[in-house]
Amino acid sequence: MMNDYADALTQPESADVRALIHATSESVRYDDLLTGRVTTGLLRLLARLSNARRVLEIGMFTGVTALSIAEVLPDDGEVVTLETNSKYAAVGTSFLPESAHGRKIKVVMGGALDSIRRLSPPFDLVFLDADKDNYPVYLDLVKPLMRTGAVIAVDNAFWKGEVVEASSRKGMAVHQTNRKLLDDPDFENVFLPIRDGLHIAVKLSG
């Protein structure tokens, strides 16, 4: 009930984002992988509050979150978004050129572990929403790319409750990532019980 209320009281998506959500529902079987209005809205606010110009998204899906964030970036802003699934990415890449802010989005195809290693700093905001097994490695790789004061948001940080008992390989990996953010003195963190968990941290130093 509260999730529905939160959605209703959160600013609606733009016309472009709603159109991409519709295209996703029409083209992709697993449209439940979309981040959702509240999480996406929070990411937009984080981008505004951090004066983000450069954003890294690990796990593009169809580009809904990337486009939502791009809308609040300055004209010279950039969202670098990484994706391995060409079918998912095609939905976004066919749509983004027609959208008002699609030019701010750079889609990088291929394995994220390799793609991240080829990126240059700095990034002001990082959104991690890719394969859960590699979450701890992604965190290690992106930390040096984040400027001091940058924000990282880790989606599915509760992973259906499997983090509590570390009852699966993915649950163990996500739990390890959560602990790394908590235990690293270079970060200040907060775990939010939004949907399947959203873990947010600010890089203080390092």
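Located above this text is the structure these notes cover.
Residues numbered from 1 in each chain as written. Predicted model: local features only at pLDDT ≥ 70, side-chain atom pairs only at ≥ 80, totals over all residues. Heavy atoms only, no water.

## With respect to the environment of methionine 60
Then, in step 1: Inspection of the secondary structure puts methionine 60 in the loop between strand S1 (54–58) and helix H4 (64–70).
Then, in step 2: Along the chain, methionine 60 and serine 99 lie 39 residues apart, while their C-alpha atoms are 16 Å from each other.
Then, in step 3: In contact with methionine 60, not counting residues within four places along its chain, are Thr81, Leu82, Glu83, Ala89, Gly92, Thr93 and Val107. (Helix = DSSP H or I, 4+ residues; strand = E, 2+ residues; numbered from the N terminus. Contact = heavy atoms within 4.5 Å.)

## Digging into the pattern of salt bridges
Then, in step 1: Tallied over the full model, the rule gives twelve salt bridges.
Then, in step 2: One salt bridge connects aspartate 133 with lysine 170, and the closest N-O pair in it is separated by 3.6 Å. Residue aspartate 133 is found in the loop between strand S4 (123–128) and helix H7 (135–142), and its partner lysine 170 is found in helix H9 (residues 169–183); the two are separated by 37 residues along the sequence.
Then, in step 3: The exposure class assigned to lysine 170 is partly exposed, which follows from its relative accessible area of 30%.
Then, in step 4: The network of salt bridges with common partners includes Asp133, Arg169 and Lys170. (Salt bridge = Lys/Arg side-chain N within 4 Å of Asp/Glu carboxyl O. Buried < 20%, exposed > 50% of the residue type's maximum accessible area, 1.4 Å probe, protein only.)

## Brief notes about helix H3 (residues 37–49)
Then, in step 1: The end-to-end C-alpha distance of H3 is 18 Å, a good match for the 18 Å that 13 residues give at a rise of 1.5 Å each.
Then, in step 2: All buried positions along H3 are accounted for by Thr39, Thr40, Gly41, Leu42, Leu43, Arg44, Leu46 and Ala47.
Then, in step 3: Looking at the packing, one finds that the buried side of H3 touches H4, S4, strand S5 (146–155), strand S6 (187–192) and strand S7 (198–203). (Expected span 1.5 Å × (residues − 1).)

## Examining the pairing of S6
Then, in step 1: With six bridges joining them, S6 and S7 adopt antiparallel strand pairing. Residue glutamate 188 lies in a different strand from S7, and its bridge partner there is valine 202. (Pairing = 2+ DSSP bridges.)

## Focus on a nonpolar patch on the surface
Then, in step 1: Taken together, the side chains of Phe158, Val164 and Phe191 define a hydrophobic patch exposed on the protein surface, amounting to about 270 Å² of accessible area.
Then, in step 2: Looking at the element boundaries, valine 164 is found in helix H8 (residues 162–165).
Then, in step 3: On the basis of relative accessibility, which here comes to 56%, the residue valine 164 falls in the exposed class. (Patch = residues over 30% accessible without salt bridge, like charges linked within 9 Å, V, L, I, M, F, W, Y side chains within 5 Å. Areas by Shrake-Rupley, 256 points an atom, 1.4 Å probe, with all protein chains shown as cover.)

## Observations concerning the sheet that holds S4
Then, in step 1: The strand order S3-S2-S1-S4-S5-S7-S6 describes an open sheet built from seven strands, whose pairing is mixed. Every other strand in the sheet has two partners, leaving strand S3 (105–109) and S6 as the edge strands with one partner each. If you compare each strand with its neighbour and ignore which way they point, the axes differ by 15° on average.
Then, in step 2: Across five bridges, S4 lies against S5 in parallel orientation. (Axes fitted to C-alpha atoms, helices over the stretch in contact; angles between N-to-C directions.)

## Here's the deal with the environment of aspartate 4
Then, in step 1: Here aspartate 4 is to be found in helix H1 (residues 2–8).
Then, in step 2: A C-alpha to C-alpha distance of 23 Å links aspartate 4 and threonine 62, two positions 58 residues apart in sequence.

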